[in-house]
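Spelled out, the chains give:
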Amino acid sequence: DVKVTQSSRYLVKRTGEKVFLECVQDMDHENMFWYRQDPGLGLRLIYFSYDVKMKEKGDIPEGYSVSREKKERFSLILESASTNQTSMYLCASSLTRSIGSSPLHFGNGTRLTVT
Amino acid sequence: QKEVEQNSGPLSVPEGAIASLNCTYSDRGSQSFFWYRQYSGKSPELIMFIYSNGDKEDGRFTAQLNKASQYVSLLIRDSQPSDSATYLCAVPPNQGYQKVTFGTGTKLQVIP
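Residues numbered from 1 in each chain as written. Chains lettered and ligands numbered in written order. Predicted model: local features only at pLDDT ≥ 70, side-chain atom pairs only at ≥ 80, totals over all residues. Heavy atoms only, no water.

(A) Quick look at the interface of chain A and chain B. Contacts between the two partners involve 30 residues from chain A and, on the opposite side, 21 residues from chain B. The junction of chain A with chain B conceals about 1900 Å² of combined surface from both sides, 59% of it contributed by carbon and sulfur atoms. Remark: the boundary between chain A and chain B carries zero salt bridges. On the surface where chain A and chain B come into contact, there are four residue pairs in polar contact (both at pLDDT 80 or more). Listed by contribution, the elements that provide at least two residues to the side of chain A that touches chain B are strand S4 (31–38), strand S5 (42–49) and strand S9 (87–94) of chain A. Among the residues making up the side of chain A that touches chain B, the classes are represented as 13 nonpolar, 13 polar and four charged. (Contact = heavy atoms within 4.5 Å. Buried area = accessible area lost by both parts, 1.4 Å probe. Salt bridge = Lys/Arg side-chain N within 4 Å of Asp/Glu carboxyl O. Polar contact = N/O pair within 3.5 Å; in protein donor to acceptor, adjacent residues only side chain to side chain. Helix = DSSP H or I, 4+ residues; strand = E, 2+ residues; numbered from the N terminus. Nonpolar A, V, L, I, M, F, W, Y, C, P; charged D, E, K, R; others polar.)

(B) Quick peek at the pattern of salt bridges. Residue and element names in this part refer to chain A. As enumerated under the stated definition, the model contains eight salt bridges over all chains in all. With a shortest N-O distance of 3.6 Å, Glu-79 and Lys-18 are connected by a salt bridge. You can see Glu-79 sitting in the loop between strand S8 (73–78) and S9 and its partner Lys-18 sitting in the loop between strand S2 (10–13) and strand S3 (19–25), a full 61 residues away along the chain.

(C) Representation of the environment of Pro-39 of chain A. Residues and elements named next belong to chain A. With respect to the secondary-structure elements, Pro-39 resides in the loop between S4 and S5. In this structure Pro-39 comes out as exposed when scored by relative accessible area, which is 81%. Note: C-alpha distance between Pro-39 and Gly-58 (19 residues apart in sequence) is 19 Å. (Buried < 20%, exposed > 50% of the residue type's maximum accessible area, 1.4 Å probe, protein only.)

(D) Representation of the packing of aromatic side chains. Considering all chains together, one arrives at eleven aromatic pairs over all chains under this definition. Between the aromatic rings of Phe-33 of chain A and Phe-48 of chain A, the centroid separation amounts to 6.0 Å while the plane-to-plane angle is 20°, which identifies the pairing as stacked. Of this pair, Phe-33 of chain A sits in strand S4 while Phe-48 of chain A sits in strand S5, placing them 15 residues apart in sequence. The exposure classification of Phe-33 of chain A matches that of Phe-48 of chain A, with both residues buried. Here the aromatic residues Phe-33, Tyr-35, Phe-48 and Phe-106 of chain A together with Tyr-36 and Phe-102 of chain B are joined through ring pairs into a cluster of three or more. In this structure, Arg-9 of chain A is placed above the aromatic ring of Tyr-10 of chain A, and the distance from its NZ or CZ to the ring centre is 5.5 Å. Looking at Lys-56 of chain B, its charged tip hangs above the ring of Phe-49 of chain B, at a distance of 3.5 Å from the centre. (Phe/Tyr/Trp six-rings, centres within 6.5 Å; stacked < 30°, edge-to-face > 60°. Lys NZ or Arg CZ within 6 Å of the ring centre and 35° of its normal.)

(E) Focus on the sheet that holds S8 of chain A. Residues and elements named next belong to chain A. Taken together, four strands build an open sheet; the order of strands is S1-S3-S8-S7 and the sheet is antiparallel. At either end of the open sheet lies a strand with only one pairing partner, and these are strand S1 (4–6) and strand S7 (64–70). Ignoring which end each strand starts from, the neighbouring axes of this sheet average 20° apart. Relative to S8, S7 is paired through five bridges, and the arrangement is antiparallel. Across the sheet, the residue bridging to Val-66 is Leu-76, located in S8. (Pairing = 2+ DSSP bridges. Axes fitted to C-alpha atoms, helices over the stretch in contact; angles between N-to-C directions.)

Rendered as structure tokens:
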């Protein structure tokens, strides 16, 4: 089974702090994704990566950056946390770039609270 | 028009009944469709995917795809209280990198 591991289940940070969310997958997947999920808004894509050192903006990249130095690891960085970034953050991976052939596998999520 | 639309519910069905969840999509070129189940406080888990017109069955779950009408549905037979969750429809793009679009989900409640 694919395993996607997020480093923290719960995080509480203060406004203005730099926050790192880490995600590791163990199945040699090409693609990795960061989503946030908020009530009534569903899953919104922040960034994704289709290869090491490659990244693409999703629908809501403002206030976030990402890093993918190794194939198995994809980090989400909140440069200066704000209260409107309080959310559930979900990391996902998928096997190939082939359209339609590769579903997303999600980690357990990190519930971030910014006070 | 949203790219992927689902009725948010809640959809309430009695235990043992058939639950029918629907999803419409706007990209006529979409080729594949995924259904995820998400329990409260948990992350989404893949339960079904479908590529071809018609029905695909897996245990108590049946996915139905109608590309001409641009909708995909999920039927759950013999619904159980453990099926109570939010069901997300996901549609990958027809081309380009895999930027999957998710619906906002339908909340299903199975009443014992």
